[in-house]
Every structure is written in structure tokens, then in C-alpha cells.
Amino acid sequence: MFEVAVIEDPSAAEVSLDPVRARLLAELVEPGSATMLAAKVGLPRQKVNYHLRTLEQHGLVELVEERRKGNVNERLMQATAASYVISPTALAAVQPDPARSPDRLSARWLLAVSARLVRDVGTLITGATRAKKRLATFALDGEIRFATAADRAAFAEELAGCVTRLVAKYHDEQAEGGRPHRVVVALHPSVNATASKEEES
């Protein structure tokens with residue numbers, strides 16, 4: 001089981017968004033049978049079986065064990081991942097395009113860049129999994145508290161300068177066998193009960 005899987009197929013995305021199936025996916029972090037799940041979600045076993053078959057057809061759950069129980073074969077299923085992210089690829093016709101209206105101070109442009117990040121990393125994970133290779137990535141995540149909006153603006157400007165200098169130092173357009181890498185740096189207010197009620201300054 002993967003920690004996170006990216007759903008790229010539109011029909012798999014639709015299947016995963018059904019509330020009952022989403023609940024079954026959450027329950028199937030640990031292996032379970034239709035009978036076990038029926039008791040947990042309050043549905044008849046036959047109905048649970050129907051949903052499990054649909055999830056299995058879309059690669060969201062998989063068979064981990066089959067065992068005889070009385071006169072029936074009990075199938076133990078497990079989700080293929082502990083959590084899922086739906087790629088913008090699933091909505092290909094309307095997925096965000098960061099090339100439109102690039103504006104490093106726009107929250108909507110940040111969202112478009114983030115959507116591209118999910119799409120690209122999802123595609124890379126899919127390819128690496130098929131090739132049975134590891135994917136070389138790096139990420140930083142942290143939190144900073146600014147005293148003033150002016151401090152925030154100054155930090156953003158200085159950060160942009162530092163990243164620009166670092167890119168200039170290591171970027172080699174002529175490197176034979178080199179591979180381009182995308183750099184994404186984001187800064188946004190943390191989401192919490194207090195911040196979500198405040199107006200963005």
C-alpha cells in the first residue's frame with residue numbers, strides 16, 4: 001500500500017468521490033471483507049460488494065487474501081493507498097494553466113502552479129512505479145510568523161533573490177545528459193481557525 005496515490009483517470013476520480021465509496025476506502029486502510037465493512041458502514045453486504053467491485057475495477061482497492069468461510073469464499077480487500085489526491089489531469093479540459101496570467105502575487109496563480117505540481121508529480125510517480133524505479137524529489141515545508149505585512153513582503157523579495165541566485169549558480173543549459181527540474185517555492189498564510197476568519201491583508 002502506498003502512503004499517497006494520485007488519481008489521474010476521470011472515471012476513477014468519479015468513483016472515489018462517491019461518499020459511500022470514499023468511506024469504504026477510508027476503512028480499507030486495513031484489510032477487510034464485505035461482511036466486516038457492512039457492519040461498519042451500515043449497508044447490506046451485497047451493496048458493499050457492489051461498491052468494492054467498482055473500486056477494484058478502477059484500481060483503488062485490491063485483493064490481499066481469499067479464504068473459505070463456511071460455504072462462501074471471503075475476499076479480504078485493501079485500499080491501494082492510505083490517501084488519494086485527484087490530479088488536474090482528471091479534468092483535462094478545465095485544468096489550471098499557470099502559463100495564463102502569471103503573477104507571483106496572485107493566490108489563483110499559486111493555485112494553478114500547485115495544480116501543475118500535483119499533475120506533474122502524479123505523472124512521474126506513475127512512470128516510476130511502472131518502471132520500478134525511485135523518483136528523485138525534494139520538498140521543504142515549514143511555517144514562519146511575520147510581525148508585519150512589510151516584513152512578509154521583504155521576506156518574499158529576499159527569498160526570490162536567493163532562489164534566483166541559486167538557480168543561476170547551478171543551471172547548465174549545455175549540460176550533456178542533464179535533466180531539467182522544476183522549482184516551486186510558495187508562501188501563503190497558514191490555515192487555522194483564526195486565520196481563516198481574518199481578511200487577507
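That block above? That's the structure.
Quick caveat: nothing in here was measured; it's all calculated off a predicted structure.

Novice: When you look at unusual backbone geometry in this model, what are you seeing that I'm missing?
Specialist: One non-glycine residue with positive phi stands out, namely S101, at about 50 degrees. Along the chain, the position of S101 falls in the loop between β4 (81-86) and α5 (107-131). Positioned with a positive phi, K132 is a non-glycine residue whose angle comes to about 55 degrees. Here K132 shows up in the loop between α5 and α6 (149-170). Of the residues examined, K132 reaches a relative accessible area of 77% and is grouped as exposed.

Novice: What's the story with the pattern of salt bridges in this structure? I'm lost.
Specialist: Where charged atoms from two side chains of opposite charge come close, those side chains can pair. Applying the stated criterion to the full structure yields 6 salt bridges. R104 is the salt-bridge partner of E157, the closest N and O atoms lying 3.1 Å from each other. Placement of E157 in helix α6 and of R104 in the loop between β4 and α5 is noted, with a sequence separation of 53 residues between them. Given a relative accessible area of 57%, R104 falls into the exposed group. Residues R119 and D120 are paired through a salt bridge, measuring 3.0 Å at the closest nitrogen-oxygen approach. Classification of R119 by relative accessible area gives partly exposed; the value is 23%. Assessed through its relative accessible area of 27%, D120 is described here as partly exposed.

Novice: Is there a simple way to think about helix α1 (residues 10-17) in this case?
Specialist: An α-helix turns once every 3.6 residues. As a result, residues three or four positions apart point the same way. Turning to α1, its buried residues number three or more, namely A12, A13, V15 and S16. What you see down the axis of α1 is that its buried residues fit within an arc of 160 degrees, all on one side. With respect to the buried face of α1, the exposed residues turned more than 90 degrees away are E14 and L17. On its buried side, α1 packs onto β1 (2-7), α2 (19-27), α4 (45-57) and β4.

Novice: Explanation requested: the packing of α2 against α4 in the structure shown.
Specialist: Interaxial distance between α2 and α4 falls to 10 Å at its minimum, and their mutual angle equals 80 degrees. One finds that α2 runs roughly perpendicular with respect to α4. On α4, the residues touching V20, R21, L24 and L25 of α2 are V48, Y50, H51, T54 and L55. Class assignment for the residues of the contact of α2 with α4 results in 6 nonpolar, 2 polar and 1 charged.

Novice: What's the story with the side chain of Q78 in this structure? I'm lost.
Specialist: Residue placement: Q78 occurs in strand β3 (residues 72-79). For Q78, the side chain forms a polar contact with the main-chain oxygen of V29, separated by 2.8 Å. When sequence neighbours within four positions are dropped, the list of residues in contact with Q78 reads M1, L28, V29, E30, P31, L60, V61, E62 and V64.

Novice: Would you explain a nonpolar patch on the surface in this entry?
Specialist: A contiguous nonpolar patch, built from V167, V183 and V185 and spanning about 240 Å² of accessible area, is present on the exposed surface. Tracing the sequence through the fold places V183 in the segment after α6. On the basis of relative accessibility, which here comes to 55%, the residue V183 falls in the exposed class.

Novice: Could you clarify how one ought to interpret the nonpolar core in this entry?
Specialist: For soluble globular proteins, nonpolar side chains are generally found buried alongside one another. Of all hydrophobic cores here, the largest spans 19 residues; its most connected members are L28, V48, L52 and L55. Elements represented by at least two residues in this core include exactly α1, α2, α3 (34-41), α4 and β3. The biggest single contributor to this core is α3, with 4 residues. Discounting chain neighbours no more than four positions away, the residues touching L55 are V15, R21, L24, L25, L60 and V61.

Novice: What is the right way to read the environment of F146 from this model?
Specialist: Checked against the element boundaries, F146 lands in the loop between α5 and α6. When the C-alpha atoms of F146 and N192 are compared, they prove to be 16 Å apart, with 46 residues separating the residues in sequence. When sequence neighbours within four positions are dropped, the list of residues in contact with F146 reads D151, R152, F155 and L187.

Calculation notes
- Residue numbers run consecutively from 1 along every chain, following the written order of its sequence.
- Whole-chain, interface and lining totals are the exception, using all residues; otherwise, since this is a predicted model, local features are given only for residues with pLDDT of at least 70 and side-chain atom pairs are given and counted only at 80 or more.
- In computing side-chain values, all of the structure's heavy atoms are included and hydrogens and water are not.
- The numbering of helices and of strands both runs from the N terminus, where a helix is a DSSP run of H or I of at least 4 residues and a strand a run of E of at least 2.
- For the exposure calls, accessible area comes from a 1.4 Å probe over protein chains only, and a residue counts as buried if that area is under 20% of its type's maximum, exposed if over 50%, partly exposed in between.
- Each reported salt bridge corresponds to a side-chain nitrogen of Lys or Arg within 4 Å of a carboxyl oxygen of Asp or Glu.
- Working definition: the arc comes from the directions between the helix axis and the C-beta atoms, pointing outward to the latter.
- Note on contacts: a residue pair is in contact if any heavy atoms of the two residues lie within 4.5 Å.
- For helices, the fitted axis covers only the stretch in contact; all axes are lines through C-alpha atoms, and the angles between them, taken along N-to-C directions, range from 0 to 180 degrees.
- Oblique is the label for any angle not covered by the other classes, which are roughly parallel (under 35 degrees), roughly antiparallel (over 145) and roughly perpendicular (65 to 115).
- When residue character is reported, Ala, Val, Leu, Ile, Met, Phe, Trp, Tyr, Cys and Pro are called nonpolar, Asp, Glu, Lys and Arg charged, and the others, Gly included, polar.
- Between N or O atoms, a polar contact is any pair within 3.5 Å; within protein, one atom must be a potential hydrogen donor and the other a potential acceptor, and residues adjacent in sequence are included only when both atoms are from side chains.
- For patch building, the residue pool is restricted to those with more than 30% relative accessible area and no salt bridge; the joining distance is 9 Å between like charges and 5 Å between nonpolar side chains (Val, Leu, Ile, Met, Phe, Trp, Tyr).
- Note on areas: these come from Shrake-Rupley sampling with a 1.4 Å probe, and a residue is covered only by the protein chains present in the view.
- To qualify as a nonpolar core, a set must consist of buried Ala, Val, Leu, Ile, Met, Phe, Trp, Tyr and Cys residues joined through side-chain atoms within 4.5 Å.

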